[in-house]
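# Residue-level structural notes
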Amino acid sequence: MKTKAAVAWKSGAPLTIETVDLDGPRFGEVLVEIKATGICHTDYYTLSGADPEGIFPAILGHEGAGIVVDVGPGVTTLKKGDHVIPLYTPECRQCKFCLSRKTNLCQLIRGTQGKGLMPDATSRFSLDGKPIFHYMGTSTFSNYTVAPEISLAKIREDAPFDKVCYIGCGVTTGIGAVLFTAKVEAGANVVVFGLGGIGLNVIQGAKMVGADKIIGVDINPARQEMARKFGMTHFINPREVDNVVDAIVQLTDGGADYSFECIGNTQVMRQALECTHKGWGRSIIIGVAEAGAEISTRPFQLVTGRKWEGSAFGGARGRTDVPRIVDWYMEGKINIDDLITHTMPLEDINKGFDLMKSGESIRGVVLY
Ligand SMILES: NC(=O)C1=CN([C@@H]2O[C@H](COP(=O)(O)OP(=O)(O)OC[C@H]3O[C@@H](n4cnc5c(N)ncnc54)[C@H](O)[C@@H]3O)[C@@H](O)[C@H]2O)C=CC1
Ligand SMILES: N[C@@H](CCC(=O)N[C@@H](CSC=O)C(=O)NCC(=O)O)C(=O)O
Ligand SMILES: [Zn+2]
Ligand SMILES: [Zn+2]
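Basis of the calculations
- Residues numbered from 1 in each chain as written.
- Chains lettered and ligands numbered in written order.
- Predicted model: local features only at pLDDT ≥ 70, side-chain atom pairs only at ≥ 80, totals over all residues.
- Heavy atoms only, no water.
- UniProt positions renumbered as here; feature names shortened; annotations may be inferred.
- Donors = N, O, S within 2.8 Å, 3.2 Å for Na, K, Ca; no water.
- Tetrahedral: all angles 85-135°; square planar, octahedral: opposite > 155°, others 65-115°.
- Buried < 20%, exposed > 50% of the residue type's maximum accessible area, 1.4 Å probe, protein only.
- Helix = DSSP H or I, 4+ residues; strand = E, 2+ residues; numbered from the N terminus.
- Near = heavy atom within 4 Å.
- Polar contact = N/O pair within 3.5 Å; in protein donor to acceptor, adjacent residues only side chain to side chain.
- Nonpolar A, V, L, I, M, F, W, Y, C, P; charged D, E, K, R; others polar.
- Domains from an automatic or database assignment.

- Looking up the protein in an unreviewed UniProt entry gives the name S-(hydroxymethyl)glutathione dehydrogenase, with the organism given as Polaromonas aquatica.
- Of the comments in the UniProt record for the protein, the one headed Sequence similarities (unreviewed entry) reads "Belongs to the zinc-containing alcohol dehydrogenase family. Class-III subfamily."
- The Cofactor (unreviewed entry) field of the UniProt record for the protein holds the comment "Zn(2+)".

Have a look at this one:
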């Protein structure tokens, strides 16, 4: 079949809208009509050329929601008409990683996914007979996409695609990092570095679990208002204090219980670790840093009890947890609507990237 898609031909270049060829689903695969997709900073990271796994030409996008149109042989858990959210972190429930119960990082298809291919090591997308690569197993910047069955979470049918698509990455990453990775307890002091599409959801998660002080740190003062609405109690603009670590240590009587880095800046990652409390502070890295970047600190920071950790997709097991998070939204327990500041047709997707880069949008969503 043919489908409209935004194609990334090379790093640093705007996406172009093309009518591409899409082969039908093979064994264990599903054809999905994408109804809406968010634009995440990680799409920009890959497009910029900073992602060691970035390959071109590719169809980016990993924050979508849509309807099953067709299923390939061997598919047992989904059928035509089901509503789904594609998962860049699949959940096979069979691999060593899934069975360990210690991680959400299912590895069954990670190798081919990172090469922009389906599990059988081929692509379903092409143009003029030349393959176009998939991205993160999802490629939601295409009106129709093919994904493995294990990379799709079935969700309730009354959930609006234009809102719950954001659960495909940003909402789950932020709230999940608090609930599933850090397991923040009521009364804890929490610091969030970077109040964008991810950080604001960390704030929302911290409020949900009853955190005490929720300190937001951002160089964009315009982020303050939205962050306060989501539960931030204190705001620090690093450009307005001499030393951001000292400022946090003073505010929290010795350091934060938990910190979350939601930017992808290795200098800030160090600050995020060092502002946590001696003896028990935990710092969770969410931001994705550019290829080759390294983090550093004095080992003494760890010897004296701080822990440096990371979180991917909020530690969520997608097929299990994503439908629950959709329920939380439908029950009014989490706010997604206010974070989706811009919507646009696929033809305007490059404007969506510009709005994100300029700090004007929190989340831009493409509506098909
Ligand atoms: N680990 C994971 O599973 C995931 C990681 N990510 C990563 O999380 C990061 C954040 O993504 P989004 O929220 O979508 O990005 P965003 O662009 O919406 O937000 C970034 C925020 O950081 C602020 N910022 C930039 N430099 C700063 C600095 N030096 N100090 C303080 N604030 C600063 C910006 O003003 C902005 O508000 C990205 O690196 C993205 O790739 C995104 C999704 C999932
Ligand atoms: N391709 C990058 C790795 C980018 C990365 O860390 N991605 C996150 C999700 S970011 C979503 O917006 C992730 O889930 N990581 C786990 C994984 O297995 O990729 C690189 O090679 O550096
Ligand atoms: Zn993302
Ligand atoms: Zn698995």
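Once you've had a look at it, read on.
### Regarding the coordination of the zinc ion (ligand 4)
- Taken together, the protein ligands of the zinc ion (ligand 4) are Cys 92 (SG), Cys 95 (SG), Cys 98 (SG) and Cys 106 (SG), with distances of 2.3 Å.
- Of note is the zinc ion (ligand 4), whose four donor atoms meet at the metal with angles of 105 to 117° in an arrangement that counts as tetrahedral.
- The sequence motif formed by the donor residues of the zinc ion (ligand 4) is C-x2-C-x2-C-x7-C.
- For Cys 95, a relative accessible area of 9% puts it in the buried group.

### Side note on the coordination of the zinc ion (ligand 3)
- Only Cys 40 (SG), His 62 (NE2) and Cys 169 (SG) from the protein coordinate the zinc ion (ligand 3), and they sit 2.0 to 2.3 Å from it.
- Of note is the zinc ion (ligand 3), whose four donor atoms meet at the metal with angles of 93 to 127° in an arrangement that counts as tetrahedral.
- If you list the donors of the zinc ion (ligand 3) from N- to C-terminus, the spacing comes out as C-x21-H-x106-C. Of this pair, His 62 sits in the loop between α1 (41-48) and β4 (64-71) while Cys 169 sits in the loop between α4 (161-164) and α5 (170-182), and the two are 107 residues apart along the sequence. One exposure class covers both His 62 and Cys 169, and it is buried.

### As for the site of ligand 1
- Taken together, the neighbourhood of ligand 1 is formed by 27 residues, with His 41, Thr 42, Ile 198, Asp 218 and Phe 313 sitting nearest.
- Within the side chain of His 41, an N or O atom sits 2.8 Å from an oxygen atom of ligand 1.
- In this structure, Ile 263 approaches ligand 1 through a main-chain N or O atom, which is 3.0 Å from an oxygen atom.
- Partitioned by chemical class, the residues of the shell around ligand 1 number 13 nonpolar, eleven polar and three charged.
- Residues from two domains meet in the shell around ligand 1; each of domain 1 (2-168 + 336-367) and domain 2 (174-311) gives at least three.

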